[in-house]
Amino acid sequence: MMTCPESRLAIDALVDGEIEREEEVLLRSHLAGCPACGRELEERRLLSETLGRAFERTRDEASPLPGERERLAERMAALPRRRAALAGRLAAAAMIVVAVGIAATAATAGRPSSEQVAVARKIREQATREAQLGRLEEEVAAELAALRAERPRESSAAMAVDAAISSIERRLAPVPPPAPAVPGTSVAISVDVNGAAVEFVQRADGTVRLAVPGRTVEAASVSELTARYADLCRRFSVEGSEGKVKVGDSAAAIDLPGRFRLHALTGTWAEDAQWEWCRDWMKRRVPEAAEMERRMKEAQERYRRAAADFALPAVSVDLERILKDVKSLTGQELRKAAERAEDRVRSLEPRVQELRDLRGRARGVRVFAETVRD
Ligand SMILES: [Zn+2]
């Protein structure tokens, strides 16, 4: 299922004629059930026509910022295809703003009204967010590339790092790859919770089934189950993570490599399993208990610091240039542009936060990989 923020990105791609087939199928099915995104598509088409006409008028006079084309080409070459398509879309949008800005210079003169300034500020906020989003995606991709290069040789540590990379990648890519189906059962618990028979199963492909009196629910992973059926899980005391679950007083877990595999399959985070493994690894090298605890604490503290929230990438978007563009808009277009910019900033916000979180996690996992390298 495509979320609204993902659908907004797909709409941009559709309008720009750069959408991929699988993405379009997902978008169409989202649009069928989401009137808000349907309206967004209509407005986006209208605005695109207006900007397109302006762009054509000025194509000959306008040129990208010095070095922009080269920087863009470099960034594209460094990114996987999907990401490149998105980065290209954002860069193209920025170039259109530049082009229209130059066109507007000749057409309008004089002081801008306070409404024009307010609208230009909103558009600048949108452009800033979009640029930051692109930069964040590149930064996460760069952290993952570094992580791959520093991947530990020891097999369980490598599995932990692979599980972490896979979980970050799945959240980075709008369409997660389908998990391969593996027969068999990983974890099964049948237990009585406050007089009710509760049965929990996590299969080898990561999917889970929870059966309570009168109701059976399924989910793609333990984390999805506990998020989607939070009340049900609370009521029947179901908690835990992939491959390690507790129902009432009963607990069941598969071995650590199995858990890493489930975390990788379901794209969930293996932080606790990762530290469990780290403790084991240290035990084999640091026989003295107090010294081992000190080193564990030190590693976890370094991890926490690396993963802590960092500032957003600094980008500067020229207000004057946007203002020139805004001054060529009619009153109605002005209101529409402001509304659109506000909506866009709002819809981008969760993704910006998510990417910040992913960047922090990738940095943290690099500290983990460093700690357990032989
Ligand atoms: Zn929607």
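Rules used throughout
- Residues numbered from 1 in each chain as written.
- Predicted model: local features only at pLDDT ≥ 70, side-chain atom pairs only at ≥ 80, totals over all residues.
- Helix = DSSP H or I, 4+ residues; strand = E, 2+ residues; numbered from the N terminus.
- Buried ≥ 20, exposed ≤ 12 C-beta atoms within 10 Å, placed from the backbone.
- Contact = placed C-beta atoms within 7 Å.
- Axes fitted to C-alpha atoms, helices over the stretch in contact; angles between N-to-C directions.
- Parallel < 35°, antiparallel > 145°, perpendicular 65-115°, else oblique.
- Left-handed = near helix turned anticlockwise from the far one by under 90°.
- Nonpolar A, V, L, I, M, F, W, Y, C, P; charged D, E, K, R; others polar.
- Core = buried A, V, L, I, M, F, W, Y, C linked by C-beta atoms within 7 Å.
- Pairing = 2+ DSSP bridges.
- pLDDT = per-residue confidence, 0-100.

**Overview of the overall build of the protein chain**
Part 1 of the argument: Assigned secondary structure in the protein chain consists of 14 helices and 7 strands.
Part 2 of the argument: Across the 374 residues in the protein chain, those meeting the buried criterion constitute 31%.
Part 3 of the argument: When contacts within the protein chain are restricted to residue pairs at least 6 apart in sequence, long-range pairs at least 24 apart make up 70% of them.

**Thoughts on the packing of helix H6 (residues 114-149) against helix H14 (residues 331-371)**
Any two packed helices are characterised by the angle at which their axes cross and by the distance between the axes.
Part 1 of the argument: Where H6 contacts H14, the two axes come as close as 8 Å, and the packing angle between them is 20°. Taken together, the axes of H6 and H14 are roughly parallel relative to one another. Crossing handedness for the pair H6 and H14: left-handed.
Part 2 of the argument: Class assignment for the residues of the contact of H6 with H14 results in 20 nonpolar, 3 polar and 15 charged.

**A look at the nonpolar core**
Part 1 of the argument: Judged by nonpolar contacts, the single largest core of 31 residues is most densely connected at Val140 and Ala160.
Part 2 of the argument: For this core, the elements supplying multiple residues, two or more each, are H6, helix H7 (155-172), helix H10 (256-266), helix H11 (271-285), helix H12 (289-307) and H14.
Part 3 of the argument: No other element matches H7, which puts 8 residues into this core.
Part 4 of the argument: Those residues in contact with Val140, other than ones at most four positions away along the chain, are Ile168, Leu172, Leu355, Leu358, Arg359 and Ala362.
Part 5 of the argument: Counting 12 residues, the second-largest nonpolar core is a separate cluster that includes Val208, Leu210, Val245 and Val247.

**Things to note about the sheet that holds strand S6 (residues 244-247)**
Part 1 of the argument: Taken in spatial order, the 3 strands of this open sheet run S5-S6-S7, and their pairing is antiparallel. What marks the edges here is a single partner per strand, and that holds for strand S5 (238-241) and strand S7 (250-253). Strand-to-strand twist in this sheet, taken as the mean axis angle between neighbours without regard to direction, amounts to 10°.
Part 2 of the argument: Relative to S6, S5 runs antiparallel, the two being bridged by 4 bridges. Following the sheet pairing, Ser241 is matched in S6 by Lys244.

**Thoughts on the confidence of the model for the protein chain**
Part 1 of the argument: Scored by pLDDT, the protein chain comes out at a mean of 81, with 80% of its residues at no less than 70.
Part 2 of the argument: Segment residues 58-66 is flagged for pLDDT under 50; beyond a separation of four residues in sequence, or across chains, it makes 13 contacts in the model.
Part 3 of the argument: Of the regions scoring below 50 in pLDDT, residues 76-84 engages in 10 contacts with residues more than four places distant in sequence or in other chains.

**Details of H10**
Part 1 of the argument: When you tally the buried positions in H10, you get 8 out of 11 residues, the bulk of the element.
Part 2 of the argument: Of the positions making up H10, those classed as buried are Arg259, Phe260, Arg261, Leu262, His263, Ala264, Leu265 and Thr266.
Part 3 of the argument: At the C-terminal side of H10, Gly267 shows a positive phi close to 65°.

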